[in-house]
Amino acid sequence: MSSEQQPDGEDYTDTDPETQALRIPPNQMIRQGRVPTDFQTQLISELDLGMTGKPTMGEYVIANPNDSFGSRDELLRILTAIRLAAKIVSREINKAGISTQVLGMANHTNVQGEAQTKLDVFANKLFVQCLRNRDVVCGMVSEEEEDIIEAGSHQQKKTNRYIVLMDPLDGSSNIDVNVPVGTIFSVVRRASEINHKPKIDDYLQKGRNIMAAGYVLYGSSTMLVMSTGNGVHGFTLDPSIGTLYLTHPHMRFPDSRKNACYAINE
């Protein structure tokens, strides 16, 4: 693959420790050299001993399938692609004061005429590549690109059933002043029949057709909040082992009669 397809030269298909852990026993992973050395001790203790007492994001998705998806594996592939990209973006954001590759402008504008930062461009390429690698998405729409992003081979574009709409990095201008930023995403099933390329109406669907949606907040901790139709749940990243744990199940707005809520934006 070209360097443009892989933003920092890494292969994002099989390097996610949590995704590997869902399929391969930890001891076997280590024997095969699939887990970096600094992950090994903590990964085994977390998976074998359950020290956190909280399910991981992957475990939650497996235990709570969305019947609207063709299979649990399809949903897991999409969400693990988003999870992997989010963890890499989180890593790069945490180097913002050190790396010159993160701070500053990219001398481009997005479809809304907004100036793009270097991290906008990086995050966009990263999310697109991670989703393409999962081979379940037929197309994507990103705030950072004017045109529809086709995914997969010619045949895959016709047979894959899901479309992802996203803003890979919302509020990226906040990076330079150390203010939180985020990723926004939603997943819909194509409305047209398979065995044909997706149509424009597949992308322009009503909100009630969304099958999964959420956001990632990159702040004092990295948190992925999502819903697959069974409540809203928050997962917090443990950066020491690269795993997202369910820390905020069944999130709800507080009772407005008891707690006044305010939101302020520019």
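The coordinates are above.
Residues numbered from 1 in each chain as written. Predicted model: local features only at pLDDT ≥ 70, side-chain atom pairs only at ≥ 80, totals over all residues. Heavy atoms only, no water.

Chemist: Mind showing me how you'd approach the nonpolar core here?
Modeler: Inside soluble globular proteins, nonpolar side chains tend to come together where they are buried. The biggest cluster of nonpolar side chains holds 47 residues, and the ones touching the most others in it are I78, L131, M140, Y218 and M226. With 12 residues, the single largest contributor to this core is helix 5 (residues 72-93). (Core = buried A, V, L, I, M, F, W, Y, C linked by side-chain atoms within 4.5 Å. Buried < 20%, exposed > 50% of the residue type's maximum accessible area, 1.4 Å probe, protein only. Helix = DSSP H or I, 4+ residues; strand = E, 2+ residues; numbered from the N terminus.)

Chemist: Even after reading the chapter, I still don't get the packing of helix 5 against helix 6 (residues 118-133), so can you show me in this structure?
Modeler: How two helices sit against one another is set out by the angle between their axes and by the gap between those axes. The geometry of helix 5 relative to helix 6 is characterised by a closest axis approach of 9 Å and an angle of 155° between their N-to-C directions. Judged on the interaxial angle alone, helix 6 and helix 5 are roughly antiparallel. You can see that helix 5 and helix 6 cross each other, and the crossing is right-handed. On helix 6, the residues that touch I78, A81, I82, L84, A85, A86, I88, V89, E92 and I93 of helix 5 are L119, F122, A123, L126, F127, C130 and L131. Classifying every residue of the contact of helix 5 with helix 6 gives 16 nonpolar, no polar and one charged. (Axes fitted to C-alpha atoms, helices over the stretch in contact; angles between N-to-C directions. Parallel < 35°, antiparallel > 145°, perpendicular 65-115°, else oblique. Left-handed = near helix turned anticlockwise from the far one by under 90°. Contact = heavy atoms within 4.5 Å. Nonpolar A, V, L, I, M, F, W, Y, C, P; charged D, E, K, R; others polar.)

Chemist: So what exactly am I meant to see when it comes to the sheet that holds strand 5 (residues 162-170) here?
Modeler: Consider a sheet: its strands pair through backbone hydrogen bonds, and that pairing is either parallel or antiparallel. Spatially, the eight strands line up as an open sheet ordered 4-3-5-6-7-8-9-10, and their pairing is mixed. Each edge of the sheet is formed by a strand with only one pairing partner; in this case those strands are strand 4 (149-150) and strand 10 (243-248). Inspection of the sheet shows strand 3 (residues 137-142) paired to strand 5 by five bridges, in the parallel sense. Paired with V137 across the two strands is Y162, which belongs to strand 5. Of the strands in this sheet, strand 3, strand 4, strand 5, strand 6 (181-189) and strand 7 (210-218) touch helix 6, which is tilted by about 155° from strand 5. (Pairing = 2+ DSSP bridges.)

Chemist: Got a minute to help me understand the environment of F127 in this structure?
Modeler: Along the chain, F127 turns up in helix 6. Considered as a pair, F127 and P168 are 41 residues apart in the sequence and their alpha carbons are 6.8 Å apart. Beyond its immediate sequence surroundings of up to four residues, F127 is in contact with I82, A85, A86, V89, M166, P168, T183 and Y218.

Chemist: I would appreciate a short explanation of a nonpolar patch on the surface in the present structure.
Modeler: Together, I148, I200 and L204 make up a nonpolar patch on the protein surface, roughly 300 Å² of accessible area in all. Here I148 shows up in the loop between strand 3 and strand 4. (Patch = residues over 30% accessible without salt bridge, like charges linked within 9 Å, V, L, I, M, F, W, Y side chains within 5 Å. Areas by Shrake-Rupley, 256 points an atom, 1.4 Å probe, with all protein chains shown as cover. Salt bridge = Lys/Arg side-chain N within 4 Å of Asp/Glu carboxyl O.)

Chemist: Is there a simple way to explain the pairing of strand 7 in this structure?
Modeler: For strand 6 and strand 7, the ladder comprises eight bridges, and the chain directions are antiparallel. The residue of strand 7 that forms the bridge with T183 is V216. Relative to strand 8 (residues 222-227), strand 7 runs antiparallel, the two being bridged by six bridges. Looking at strand 8, one finds that A213 is bridged to S227. Linkage of strand 7 to strand 8, two consecutive antiparallel strands, is achieved through a turn of three residues.

None of this, on its own, says anything about what the molecule does.
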